[in-house]
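Residue strings, one per chain:
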Protein chains: 2
Amino acid sequence: MSRASVVGVGETEYTKRSPRTALQHQLEASLTAIADAGLTPGDVDGVIPIGITGAPVEEYVADFGITDLRFSAVVPHGGASAVGALQLAGAAIAAGLCSTVLVPFGRNTSSGAKAGQRIHTMPQFHFVSEYERPAGNIAPAQLYAPMARRHMELYGTTSEQFGEIAVSTREHALLNGRGLMTRPITLADHQASRMITDPFRLLDCSLESDGGAAFVVTSPERARDLAQTPVDLLGSAMGHPDSPSSITQRPDLTRVGVAKAAALAFEAAGVTHADIDVAEIYDCFTYIVLCQLEDLGFCAKGEGGPFVEGGRLRLGGELPTNTHGGLLSQSHMLAVNHVVELVRQLRGTAGAAQVAGAETGLVTGYGDMGDGGVAILRKGTS
Amino acid sequence: MSRASVVGVGETEYTKRSPRTALQHQLEASLTAIADAGLTPGDVDGVIPIGITGAPVEEYVADFGITDLRFSAVVPHGGASAVGALQLAGAAIAAGLCSTVLVPFGRNTSSGAKAGQRIHTMPQFHFVSEYERPAGNIAPAQLYAPMARRHMELYGTTSEQFGEIAVSTREHALLNGRGLMTRPITLADHQASRMITDPFRLLDCSLESDGGAAFVVTSPERARDLAQTPVDLLGSAMGHPDSPSSITQRPDLTRVGVAKAAALAFEAAGVTHADIDVAEIYDCFTYIVLCQLEDLGFCAKGEGGPFVEGGRLRLGGELPTNTHGGLLSQSHMLAVNHVVELVRQLRGTAGAAQVAGAETGLVTGYGDMGDGGVAILRKGTS
C-alpha cells in the first residue's frame, strides 16, 4: 500500500571545478524537479534538504516562492540521508503535516570546500575520535578500508571482484550523457590504478563532483493528477549497524545498517527479491556495493564476490545495478541521483540505460560509518 | 483525535559553569525521561536530537542501549525545534516508522561554548548576512530588538509591559526549585536593569545555562500501558514568517511564524482559545512572548501590551504562562523544558506552580529569526 509517490526529478549538469555555489546547484535542481512534476514552487509546503552542504530551508521561503512552508526536517545520516528523506517525506505526507515535499541537494566540493575541509563538517562521533582517528584514519576511504580488507580475509573476496563493480558502473555511466566519467575502463585499468588505501585503488573510489539533484514527493492521490507517471514508494526503512560510529570495534565489520533496514523494507513493500527489476545501490566505494548486496539479502554473507561476477550487475544481467553510473562514475550526489535514476527507470525514461519492462526497483543509502536506508519503489498507474 | 502521547519527561539540574559536557547533560536527561515513562533505553527506536548542541543519534546507538534504531531526524528551527520534534515524533509513530521516540537536549553554554562561539554555529542565512550583520547585528538580542522597537512605535507598547512578563515569569521560577534565578524581581528592578540593546534590558533577556531536558513520545495505545498519566498531542503545526531569514526586510516586523502555525494547530486539535488552561510560550526575550500571544490569537495584533497587564499571565490569572519560569528565569533549554513543564501541568504534578484542574495546554517554539511551532496537548486517560 503506497503512502507517497515521487512525481518530479531534477539534476544539474555534473562537473568539476564549477564556478557556481552549492546553493545555486541546489536551487537549479529544485526548480527542474518541481517543473518536471508540473508544479510551481508555491505548490511545495515541505522541504527536507540533504545535509552536509545543503542550504537551510529558510532560503527557500525567502527566495524561492514557498509561501506556506509547513514542514521541514533534516535526516542526518550522510549518504543514507536521501533514502531517509524519501521515507520521511512519505511519513510527513501520510500524517498530514504537509502535502508536497521537495528533497534538494547541491554541492561544490571540487572547487568549493575540498575534501580536507569537509572532514571538519563530518559528525564528530565519539567512537571514531577514540578508535579510528588516533590511528590516522580520517578520510572515508581510510575509515571504510578495514571493512573491505576484513571481508577479503574472511571470505576470499578479491580486488578483481571490486573491479567488476567499477567496470560495470563505468559502462552504465557512458549511457546517459550526464556522467563525469566519459571513457570506458577495463578490469586491467582497475588493477593498474594506484592504491589509495589498501585495499581501495583509485577506481574503487567515488568522485569529487559539483552539481545538484532533487526530487519531489506527494500523496499517491495527488500524484495521479500531475505531469508524470507517478512512482510509488512501496516500503522503506532505516537501519544502523551495531556500534555505528566505530567501524573497527564492531562485532562484525562486514555487516552494515542496510542489513536491518532491508528486512523491514521488503516486508513493508510486500515484495520479494525476485520482484526487483533494477537496483541503485550506494557506491561511495566498490566494496560498499558488494557488502550491501549481501546485507540486502540478494546473496548470503560472504558470497558478494562471486555474486557480482559474470555480469550480474550489468544491463541485461540478473540485477542491473547503478544504471546511471552511480557515485563511482556519474557524480557524487549523495544518492539523490540514485533516487532520480530509479524514478526514470520506473517511468521507462532512462534512455539507453533503460531496463526493459522495469516496474519495481530498489534504492539504498549508506552513510556516516554504515547507517543504511532501503526504499522500494514501483511504477504507478497514471 | 490524538496520534501520539508524551509519556516521559526528564531534566538535569540547571546550573551555570557546569564541569559536565553537553553530551553528559543530554544523556542524563534522556535516562531520566525514559525511566519516568517506565521504559528502558532498549524500548526506544526513534531519536530526534534537538540541534545546536545536540550529539548525533549515533552516540545513542553506540553507548546508550538502543539496539534497533529505526528513525532519526533533526528539526532545524532553533527554538522552534522542540515543538517541531514533538510534531515529527507524532508523525513518525503514526506512519509506523517507529514506536517510541526520545527527544533529548543538552547544553553547556556558560562554561563550554560561549555565546560568541555559538554565533558561528548559527545557520548562515543569506538574508541575515546581507541585511542584518553589516549593521553590526550579530547576537540574537540585536537581531530581535528591532521587532520589539517596531511594536512599541506602532502600538505604543511599553518597556513596563515587557517588564510585567519578566516579573511574572520570575515569580513562577521560584516555585519549582529548579530555576537558576532564585530571587524575586519587581517592575522597578526590571526598569533599573541595564540596557543591553534597545529596547531590551538585562531582565528582558533569557539565561545562559547548562543542563539537559528530554521527553519521550509513543502511540496513544502504548501510552495507556506505561507508568504515567499520558499527555496526548491533540494538534500541532509549524509556520514560518514571510522572508524568515531577514527580520528587517519583512513586510511586517511584528508578525512571526507562530501566526501561521496557530490556526492550523487549533484546527487540528479541535479546541478553542478558551480551552487553554495553561501556556508555555517561548521566551528568549520578554517581547517574544508578547508578540506570540497576539499571533496565537489570544488578543489582536497590537494589543499584547495591555493583554499582559493585570496579572493575566500569572498563576490564578486568565492564562497562566511559563509556569516553570521559562528561558527567562528557569533555564535556557530551548523550550524542551517548556514541553516538560506542560506535561507536568497536565499530569497535575507541577507542584506549587500547578494550575488547578489544568486539562488542556499549549506550548510554542520560536527560533531562527521567527520560525514558529505550536502544539496543543491534553491530559489523557490512563
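A quick note: this is a predicted structure, and the numbers were derived from the prediction, not measured. (Residues numbered from 1 in each chain as written. Chains lettered and ligands numbered in written order. Predicted model: local features only at pLDDT ≥ 70, side-chain atom pairs only at ≥ 80, totals over all residues. Heavy atoms only, no water.)

**Looking at the overall build of chain A**
Our working definition: Numbering goes from the N terminus for both helices and strands, where a helix is a DSSP run of H or I of at least four residues and a strand is a run of E of at least two. Computation of the radius of gyration draws on C-alpha atoms, with the globule rule given as 2.2 Å multiplied by the number of residues to the power 0.38. Exposure classes here rest on a 1.4 Å probe applied to the protein chains alone. A residue is buried below 20% of its type maximum, exposed above 50%, and partly exposed in between. Contacts are assigned to residue pairs that have any heavy atoms within 4.5 Å of one another.
Within chain A one finds 14 helices and 11 strands. Taken over C-alpha atoms, the radius of gyration comes to 19 Å for chain A, in line with the 21 Å a tight globule of 382 residues would show. Across its three principal axes, chain A shows a C-alpha extent of roughly 55 × 40 × 40 Å. Counting every position in chain A, which comprises 382 residues, the buried fraction comes to 64%. The contacts of chain A with a sequence gap of at least 6 include a subset with a gap of at least 24, amounting to 76%.

**Some points on unusual backbone geometry**
Cis rather than trans, the peptide bond between Asp198(A) and Pro199(A) has omega equal to 10°. Structurally, Pro199(A) can be placed in the loop between β5 (195-197) and β6 (200-201).

**What to know about the packing of helix α7 (residues 159-173) of chain A against helix α11 (residues 286-296) of chain A**
Residues and elements named next belong to chain A. Heads up, the condition is: Note on definitions: angles span 0 to 180 degrees between N-to-C directions of axes, and those axes are lines fitted to C-alpha atoms, for helices only across the stretch in contact. When an angle is under 35 degrees it counts as roughly parallel; over 145 it counts as roughly antiparallel; between 65 and 115 it counts as roughly perpendicular; any other value is oblique.
Orientation of α7 relative to α11, taken along the N-to-C sense of each, is 100°, at an axis distance of 8 Å. Classified by the angle between their axes, α7 and α11 sit roughly perpendicular to one another. Contacts between α7 and α11 pair Phe 162, Ile 165 and Ala 166 from the former with Thr 286, Tyr 287, Val 289 and Leu 290 from the latter.

**Examining the relation of the copies chain A and chain B**
The condition is simple: Residues reaching a pLDDT of at least 70 in both copies supply the C-alpha atoms on which the copies are superposed by least squares.
Between chain A and chain B, which share one sequence, the superposing operator has a rotation angle of 180° and an axial displacement of 0.0 Å; the RMSD is 0.0 Å. Here the transformation between the copies is reduced to the relation of a two-fold axis. For chain A, the smallest separation between a C-alpha atom and the rotation axis is recorded for Val74(A), amounting to 2.5 Å. An overlap of 100% is found between the interface residues of chain A and their copies at the interface of chain B, pointing to a shared contact surface.

**Considering the sheet that holds strand β10 (residues 360-367) of chain B**
Residues and elements named next belong to chain B. Under the convention used in this document: Strands are labelled as partners when DSSP assigns at least two bridges between them.
Taken in spatial order, the nine strands make up an open sheet running β3-β2-β4-β7-β1-β8-β11-β10-β9, and their pairing is mixed. Bordering the open sheet on either side are β3 (71-72) and β9 (278-280), each of which pairs with just one other strand. As paired elements, β10 and strand β11 (residues 371-379) share eight bridges and run antiparallel to each other. In the sheet register, Tyr 366 faces β11, and the bridge partner there is Gly 372. This element, helix α1 (residues 22-36), spans β1 (4-11), β4 (100-108) and β7 (210-218) of the sheet and lies at about 145° to β4. Contacts from helix α3 (residues 81-94) reach β1, β3, β4, β7, β8 (231-239), β10 and β11, with the element oriented near 115° to β8.

**As for the interface of chain A and chain B**
You'll often see interface size given as the accessible area lost when the parts meet. Worth spelling out the cut-off: A simple way to read buried area is as the amount of 1.4 Å-probe accessible surface that goes missing from two parts once joined, with both sides added. Each reported salt bridge corresponds to a side-chain nitrogen of Lys or Arg within 4 Å of a carboxyl oxygen of Asp or Glu. Any pair of nitrogen or oxygen atoms within 3.5 Å is treated as a polar contact; in protein, a donor-acceptor pairing is required on top of that, and neighbouring residues in sequence qualify only through side-chain atoms on both sides. By the convention adopted, Pro, Cys, Tyr, Trp, Phe, Met, Ile, Leu, Val and Ala count as nonpolar, Lys, Arg, Asp and Glu as charged, and the other residues, Gly among them, as polar.
With 39 residues of chain A in contact, the opposing surface of chain B contributes 39 residues. Area buried by chain A at its contact with chain B is led by Glu58(A), Arg70(A) and Leu97(A), which between them contribute 17% of it. Inspection of the chain A/chain B interface yields zero salt bridges. On the surface where chain A and chain B come into contact, there are five residue pairs in polar contact (both at pLDDT 80 or more). Mapped onto the side of chain A that touches chain B, the elements with two or more residues apiece are α2 (58-63), β3 (71-72), α3 (81-94), α5 (126-132), β8 (231-239) and α10 (258-269) of chain A. Looking at which element gives the most residues to the side of chain A that touches chain B, the answer is α2(A), with five residues. Counted by class, the side of chain A that touches chain B contains 20 nonpolar, 10 polar and nine charged residues.

**Some thoughts on the sheet that holds strand β11 (residues 371-379) of chain A**
Sheets are built from strands that pair by backbone hydrogen bonding, the pairs being arranged parallel or antiparallel. All names here are of chain A. If you walk across this open sheet you meet the nine strands as β3-β2-β4-β7-β1-β8-β11-β10-β9, and the pairing is mixed. The sheet is open, and its two edges are formed by β3 and β9 (278-280), each paired on a single side. Sheet analysis places strand β1 (residues 4-11) next to β8, joined by three bridges and oriented antiparallel. The partner of Ala 4 across the bridge, within β8, is Leu 233. Across the sheet, α10 touches β8, β10 (360-367) and β11, and the angle it forms with β8 is around 145°.

**Thoughts on the pairing of β10(B)**
Residues and elements named next belong to chain B. When you tally the buried positions in β10, you get eight out of eight residues, the bulk of the element. Bridge analysis of β9 against β10 gives three bridges, and the strand direction is parallel. Its bridge partner being in β10, Glu 280 is matched across the sheet by Val 363. With antiparallel pairing between neighbouring strands as the criterion, β10 and β11 make up a hairpin whose turn holds three residues, including Asp 368 at a positive phi of roughly 50°.

**Considering the pairing of strand β7 (residues 210-218) of chain A**
All names here are of chain A. With nine of nine residues buried, β7 is to be regarded as a mostly interior element. Burial along β7 is two-sided: Asp 210, Gly 212, Ala 214, Val 216 and Thr 218 facing one way and Gly 211, Ala 213, Phe 215 and Val 217 facing the other are all buried. Sheet topology note: the β1/β7 ladder contains six bridges and is antiparallel. Across the sheet, residue Val 9 finds its bridge partner in β7, namely Phe 215.

**Observations concerning helix α11 (residues 286-296) of chain B**
Residues and elements named next belong to chain B. For α11, the tally of buried residues reaches 11 of 11 residues, placing the bulk of the element in the interior. When we look at burial in α11, the residues that qualify are Thr 286, Tyr 287, Ile 288, Val 289, Leu 290, Cys 291, Gln 292, Leu 293, Glu 294, Asp 295 and Leu 296. Immediately beyond the C-terminal end of α11, within one or two residues, lies Gly 297, with a positive phi of roughly 95°.

**Notes on the packing of helix α6 (residues 140-155) of chain A against α11(A)**
Helix packing geometry: the angle between the two helix axes and the distance between the axes. Residues and elements named next belong to chain A. Heads up, the condition is: With the far helix as reference, a near helix turned anticlockwise by less than a right angle produces a left-handed crossing, and one turned clockwise produces a right-handed crossing.
Where α6 contacts α11, the axes come no closer than 10 Å and their chain directions differ by 60°. When the interaxial angle is binned, α6 and α11 end up oblique. Considering how the two elements wind past one another, α6 and α11 form a crossing that is left-handed. Contacts from Met 147, Ala 148 and His 151 of α6 reach α11 at Tyr 287, Ile 288, Leu 290 and Glu 294. Among the residues making up the contact of α6 with α11, the classes are represented as five nonpolar, one polar and one charged.

**Some thoughts on the environment of Thr109(B)**
All names here are of chain B. Within the secondary structure, Thr 109 is located in the loop between β4 and α4 (115-121). Among the residues examined, Thr 109 registers a relative accessible area of 3% and is labelled buried. Side chain to side chain, Thr 109 and Glu 208 meet in a polar contact 3.3 Å long.

**Focus on the packing of aromatic side chains**
To keep things clear, this is the line we draw: Pairs were defined over the aromatic rings of Phe, Tyr and Trp, the Trp ring being its six-membered one, requiring ring centres within 6.5 Å. Orientation was assigned from the angle between planes: stacked under 30 degrees, edge-to-face over 60, tilted for the rest. For a lysine, the NZ atom is tested; for an arginine, the CZ atom; a charge sits over a ring if that atom is within 6 Å of the ring centre and within 35 degrees of the ring normal.
The tally for this structure, following the rule as stated, stands at 12 aromatic pairs over all chains. On the numbers, 5.8 Å between centres and 70° between planes, the contact of Phe162(A) with Tyr287(A) is edge-to-face. Linking Phe162(A) in helix α7 with Tyr287(A) in helix α11, this pair joins segments that are 125 residues apart in sequence. With respect to class, Phe162(A) is no different from Tyr287(A); both count as buried. Three or more aromatic residues joined by ring pairs form one cluster here, namely Tyr144(A), Phe200(A), Tyr282(A), Phe285(A) and Tyr366(A). For the cation-ring pair, Arg312(B) lies above Phe307(B), with the distance from its terminal atom to the ring centre recorded as 4.4 Å.

**Points about the pattern of salt bridges**
Residue and element names in this part refer to chain B. Under the definition given, this model contains 28 salt bridges over all chains. Two residues, Arg 344 and Glu 11, come together in a salt bridge whose shortest N-O distance is 2.7 Å. One end of the pair, Arg 344, is in helix α14 (residues 336-347); the other, Glu 11, is in strand β1, with 333 residues separating them in the sequence. A salt bridge links Asp 295 to Lys 301; the shortest N-O distance between them is 3.0 Å. Take Asp 295: its relative accessible area is 10%, and that puts it in the buried class.

**Some points on the confidence of the model for chain A**
Residues and elements named next belong to chain A. We count it as follows: Across the chain, each position has a pLDDT score giving the predictor's confidence in that residue, from 0 to 100.
In this model, chain A carries a mean pLDDT of 92, and residues with pLDDT of at least 70 account for 93%. Taken as a whole, residues 114-122 scores under 50 in pLDDT and shows 12 contacts with residues more than four places along the chain or in a different chain. Taken over the whole predicted complex, pTM reads 0.95, whereas the ipTM for its chain interfaces reads 0.93.

**Comments concerning the environment of Gly235(B)**
Residues and elements named next belong to chain B. Mapped onto the secondary structure, Gly 235 falls in strand β8. Exposure remark for Gly 235: the relative accessible area of 5% places this residue in the buried category. Taking the C-alpha atoms as reference, Gly 235 lies 5.0 Å from Ala 265; in sequence the two are 30 residues apart. Setting aside anything within four residues of it in sequence, one finds Gly 235 in contact with Ala 265, Ala 268, Ala 269, Val 374, Ala 375 and Ile 376.

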